[in-house]
Amino acid sequence: MFSVAIDGPAGAGKSTIAKAAAKELGFIYVDTGALYRSIALACIEMSIPVDDVSAVSAALEKISIELAFVDGTQRVILNGKDVSDEIRTEKVSMSASTVSGIPQVRAYLLELQRSFAKTQNVIMDGRDIGTVVLPDAQVKIFLTASAQARAQRRTLQLEQKGEKPDYEKILEDIIKRDHNDSSRKIAPLRPAEDSIIVDTTELDPEQSVNRITELIKGRMK
Ligand code: DC
């Protein structure tokens, strides 16, 4: 099996790029952030504070998460319900970042993530794919961009959905989430030693996809 790990901070374009590259290469795309988001959503629904380590850990036995692939697109099923759209709110983003610092949560999701790469060629994106989940991945990419560029992209995305986003608040949230994700004790966001660092600050989505796809194709030869 061939595995590609794409890690990097929120908003660097991981999912857009991984999705497009997976389509071009015929790989499945696994978005691992959706798993952390689903645990956060489950806690919110059960009124469990996401920073209460023992309550969140105890709740894990009541949580079942599965991924389904419909026309090549990942859907995430939480306790039998498709929550793929519900997990995309800012509240869930922040809560996912908090639950992701809990070792029991990471251990709970580890085997599930590894199981996908055992039977299929995958492009998996997250924060610790190259360092922890798939340390033997044939290609490891660390995708990054300035916080300002990432906040700008997110603002544009929300405007296109008809919302009225506040750029400064988005930038503040991005910086806070970067800090949370890279300063936590367990599996922090950092490039694997053997990863290729790609900075997309000055690249448009098409250029980024081309760059990554070429990199992967080069390694598959
Ligand atoms: O990629 P995302 O923004 O959907 O991820 C949501 C949160 O989940 C993110 O703030 C950090 C966490 N996460 C993680 O710790 N490890 C992963 N492999 C993926 C996501």
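Preceding this section is the structure that the text describes.
Predicted model, so just to flag it, every value in this text is computed and none were measured. (Residues numbered from 1 in each chain as written. Predicted model: local features only at pLDDT ≥ 70, side-chain atom pairs only at ≥ 80, totals over all residues. Heavy atoms only, no water.)

Q: Now, about the sheet that holds strand 5 (residues 81-82): what can you tell me, with residues and values included?
A: Taken in spatial order, the three strands of this open sheet run 3-4-5, and their pairing is antiparallel. Looking at the sheet topology across the chains shown, the edges are occupied by strand 3 (65-70) and strand 5. In this structure, strand 3 lies alongside strand 4 (residues 73-78), joined through six bridges in antiparallel fashion. Note on strand 4: the bridge partner recorded for Phe69 is Gln74. In the packing of helix 2 (residues 33-45) onto the sheet, contacts are made with strand 3, strand 4 and strand 5, and the angle to strand 4 comes to roughly 30°. (Pairing = 2+ DSSP bridges. Helix = DSSP H or I, 4+ residues; strand = E, 2+ residues; numbered from the N terminus. Contact = heavy atoms within 4.5 Å. Axes fitted to C-alpha atoms, helices over the stretch in contact; angles between N-to-C directions.)

Q: Now, about the pattern of salt bridges: what can you tell me, with residues and values included?
A: Taken as a whole and assessed by the stated rule, the structure comprises 13 salt bridges. Between Arg75 and Asp85 there is a salt bridge, with the nearest N and O atoms lying 3.7 Å from each other. Of this pair, Arg75 sits in strand 4 while Asp85 sits in the loop between strand 5 and helix 4 (90-99), and the two are 10 residues apart along the sequence. The class for Arg75 is partly exposed, based on a relative accessible area of 23%. The closest approach of N and O atoms between Arg114 and Glu111, which form a salt bridge, is 3.7 Å. Placement of the pair is Arg114 and Glu111 together in helix 5 (residues 103-119), with a separation of three residues, close to one helical turn. For Arg114, a relative accessible area of 25% gives the class partly exposed. Residue class for Glu111 comes out partly exposed when judged on its relative accessible area of 45%. Put simply, Arg75, Asp82 and Asp85 are held in one network by salt bridges that share partners. (Salt bridge = Lys/Arg side-chain N within 4 Å of Asp/Glu carboxyl O. Buried < 20%, exposed > 50% of the residue type's maximum accessible area, 1.4 Å probe, protein only.)

Q: Explain the environment of Ala34 residue by residue, including any values.
A: Tracing the chain through its elements places Ala34 in helix 2. On the accessibility criterion, Ala34 (1% relative accessible area) is buried. Counting along the chain gives 41 residues from Ala34 to Arg75, while the straight-line C-alpha distance between them is 9.0 Å. With residues up to four places along the chain from it excluded, the contact list for Ala34 reads Gln74, Val76, Ile87 and Arg88.

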